Amino acid sequence: MSEHDFDFLHGDWVIHNRRLRDRLVGLQDWEEFQTVARVRPALGGLGNVEDINRPDGTPLGLTVRAFERTAQRWTIQWIGASDGAFQPPMTGTFTAGVGTFYGEDEWKGQPCRCRFTWQVLSPSEARWEQALSNDGGVSWETNWTMDFRRSGSRA
């Protein structure tokens, strides 16, 4: 684990999204759509900023990631373009090439745990997954996957 864990993500990406239409209800009704992202280093390499947009350029949101040297962990925050609100932070680390991050959240007014998982599949492919748990982390429902394919040069 280091401040370079997310360096693989710098650059331009086309992302295939697969997301459950409703969460924590046991249904498997998925929607699929494309987005694009540009990830650039920030804070002298101690973090990065990711702009996610629709293919037509309409902004969807911004992710800010920063490595906390003292705690030796990453903090990730999403800011939605629809309301400009910061979502609850996710914290975690990379172990054996897989990043796992946890945070507290809510879905439809009910508290839940949230988990992000990052995997580097190749220099031009990565995968992100989000899962929610409404039983304190005993069971998890994967509700969103994003398959990243590099579309340009590295930043």
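Residues numbered from 1 in each chain as written. Predicted model: local features only at pLDDT ≥ 70, side-chain atom pairs only at ≥ 80, totals over all residues. Heavy atoms only, no water.

Talk me through the overall build of the protein chain; I want residue IDs and the actual numbers.
Within the protein chain, the secondary structure is distributed over zero helices and 10 strands. When the elements of the protein chain are put in sequence order from the N terminus, they spell out β-β-β-β-β-β-β-β-β-β. With the C-alpha coordinates of the protein chain rotated into their principal frame, the extents come out at 40 × 40 × 30 Å. Scored against the burial criterion, the 155 residues of the protein chain give a buried share of 39%. Across the protein chain, the fraction of contacts at a sequence separation of at least 24, relative to all contacts at a separation of at least 6, is 37%. Carbon and sulfur atoms make up 52% of the accessible area of the protein chain, which totals about 8200 Å². (Helix = DSSP H or I, 4+ residues; strand = E, 2+ residues; numbered from the N terminus. Buried < 20%, exposed > 50% of the residue type's maximum accessible area, 1.4 Å probe, protein only. Contact = heavy atoms within 4.5 Å. Areas by Shrake-Rupley, 256 points an atom, 1.4 Å probe, with all protein chains shown as cover.)

So what's going on with the packing of aromatic side chains? Which residues, and what values?
Scanning all chains against the criterion turns up 15 aromatic pairs. On the numbers, 5.9 Å between centres and 65° between planes, the contact of F8 with W118 is edge-to-face. Highlighted residues: F8 in the segment before strand 1 (11–20) and W118 in strand 8 (residues 110–122), separated in sequence by 110 residues. Judged by relative accessible area, F8 falls into the buried class, the value being 12%. Taken together, a centroid distance of 5.9 Å and an interplanar angle of 50° make the contact between Y102 and W140 tilted. Taken together, the residues Y102 in strand 7 (residues 98–107) and W140 in the loop between strand 9 (125–133) and strand 10 (141–150) connect sequence positions 38 residues apart. Of the residues examined, Y102 reaches a relative accessible area of 34% and is grouped as partly exposed. For W140, a relative accessible area of 25% puts it in the partly exposed group. By way of ring pairs, the aromatic residues F6, F8, W13, F67, W74, F94, F101, W118 and F148 are connected into one cluster. (Phe/Tyr/Trp six-rings, centres within 6.5 Å; stacked < 30°, edge-to-face > 60°.)

The analysis is restricted to geometry; functional conclusions fall outside its scope.
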